Amino acid sequence: MAVRKILRIGHPLLRQKSEEVPVTEIRSSEIKKLIRDMYDSMESADGIGLAAPQIGVLKRVVVVGFYRTDRYPELKDGIERRILINPEIEVLDSPEVGFWEGCLSVPDMRGYVERKRKIRLKFYDEKEEFHDEIIEGFDAVVYQHECDHLNGILYVDRLKDPNLFGYNDELDMADRSAGKEPAQVV
Ligand code: ZN
């Protein structure tokens, strides 16, 4: 088990573009170790997705998925565990959906972001198999957030309104005093 430090916003590596993994290296011990470290780091931070640059490795690798965590009690079955290598997103003509997003690189904060509801996602998995899928809804939002990291983009760059962003505890208090339930975070 190797839990690596997760870089926080302000670290310059989070703003770099990551490099593709040559297909012949997908099953290398280096990539296997990277994927293990990413899962260990993500799970110990109770996240649902992590991109390699968040642990300082500029490679186009993303892991998503969890079974259940206290942070997302409403997602009873979690989202499927997947490893995406060299993912490519094609935005399909579709309406946007808004979610409050959080990020392990922007801890304790959340912001409201709108993204495409439906995408086409192409990627290699860790067994070097190629996938080409249509993905919708919550999962599509998670994949768009994680793939943005590979291009040096953070969700704060996509805020719908700067007022809809802040520390979780402040926003929770504001929601409660307005008589609302605190927002759930992606
Ligand atoms: Zn993130």
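Residues numbered from 1 in each chain as written. Predicted model: local features only at pLDDT ≥ 70, side-chain atom pairs only at ≥ 80, totals over all residues. Heavy atoms only, no water.

Trainee: Explain the overall build of the protein here, please?
Mentor: If you tally the helices and strands in the protein, you get 3 helices and 8 strands. Its helices and strands taken in sequence order, the protein reads α-β-β-β-β-β-β-β-α-β-α from the N to the C terminus. Seen along its three principal axes, the alpha-carbon backbone of the protein occupies a region of about 55 × 40 × 35 Å. When burial is assessed residue by residue, the protein has 45% of its 186 residues classed as buried. Residue pairs at least 24 apart in sequence account for 66% of intrachain contacts in the protein once pairs closer than 6 positions are excluded. With the model as given, the accessible surface of the protein reaches about 9900 Å², and the carbon-plus-sulfur share is 47%. (Helix = DSSP H or I, 4+ residues; strand = E, 2+ residues; numbered from the N terminus. Buried < 20%, exposed > 50% of the residue type's maximum accessible area, 1.4 Å probe, protein only. Contact = heavy atoms within 4.5 Å. Areas by Shrake-Rupley, 256 points an atom, 1.4 Å probe, with all protein chains shown as cover.)

Trainee: What am I meant to see in the nonpolar core here?
Mentor: The nonpolar side chains of a soluble globular protein tend to be buried with one another. With 18 residues, the main nonpolar core has Leu34, Ile35, Met38, Leu50, Val61, Val63 and Ile85 as its most contacted residues. The residues touching Leu50, leaving out its near neighbours within four places in the chain, are Ile6, Met38, Ser41, Met42, Ile55, Val61, Val62, Val63, Leu104 and Glu146. Counting 16 residues, the second largest nonpolar core, distinct from the first, contains Ala51, Ile79, Leu121 and Ala140. (Core = buried A, V, L, I, M, F, W, Y, C linked by side-chain atoms within 4.5 Å.)

Trainee: What exactly am I supposed to notice about the coordination of the zinc ion here?
Mentor: Six octahedral donors around a metal ideally make angles of 90 or 180 degrees; four tetrahedral donors ideally make 109.5 degrees. Only Cys103 (SG), His145 (NE2) and His149 (NE2) from the protein coordinate the zinc ion, and they sit 2.1 to 2.3 Å from it. Mapped onto the sequence, the residues coordinating the zinc ion show the spacing C-x41-H-x3-H. With a gap of 46 residues between them, Cys103 in strand 4 (residues 96–103) and His149 in helix 2 (residues 137–149) connect regions that are remote in the sequence. Taken individually, Cys103 and His149 each receive the classification buried, so the pair is uniform in this respect. (Donors = N, O, S within 2.8 Å, 3.2 Å for Na, K, Ca; no water.)

Trainee: What is the right way to look at the packing of aromatic side chains in this model?
Mentor: When we look at a pair of aromatic rings, we describe it by the centre distance and by the angle of the planes. The tally for this structure, following the rule as stated, stands at 4 aromatic pairs. Aromatic pair Phe99 and Phe138: ring centres 5.9 Å apart, planes at 70 degrees, arrangement edge-to-face. Of this pair, Phe99 sits in strand 4 while Phe138 sits in helix 2, placing them 39 residues apart in sequence. On the basis of relative accessibility, which here comes to 24%, the residue Phe99 falls in the partly exposed class. Sitting over the face of the ring of Tyr39, Arg81 holds its NZ or CZ atom 4.1 Å from the ring centroid. One cation-aromatic arrangement involves Arg110 over Trp100; the distance from NZ or CZ to the ring centre is 5.4 Å. (Phe/Tyr/Trp six-rings, centres within 6.5 Å; stacked < 30°, edge-to-face > 60°. Lys NZ or Arg CZ within 6 Å of the ring centre and 35° of its normal.)

Trainee: For this particular structure, what's the right way to read the pairing of strand 5 (residues 106–116)?
Mentor: As paired strands, strand 4 and strand 5 are joined by 7 bridges and run antiparallel to one another. Paired with Cys103 across the bridge in strand 5 is Val106. The hairpin turn running from strand 4 into strand 5, its antiparallel successor, is 2 residues long. Where strand 5 meets strand 8 (residues 165–167), 3 bridges bridge the pair, whose relative direction is antiparallel. Looking across to strand 8, one finds that Met109 is bridged to Tyr167. (Pairing = 2+ DSSP bridges.)

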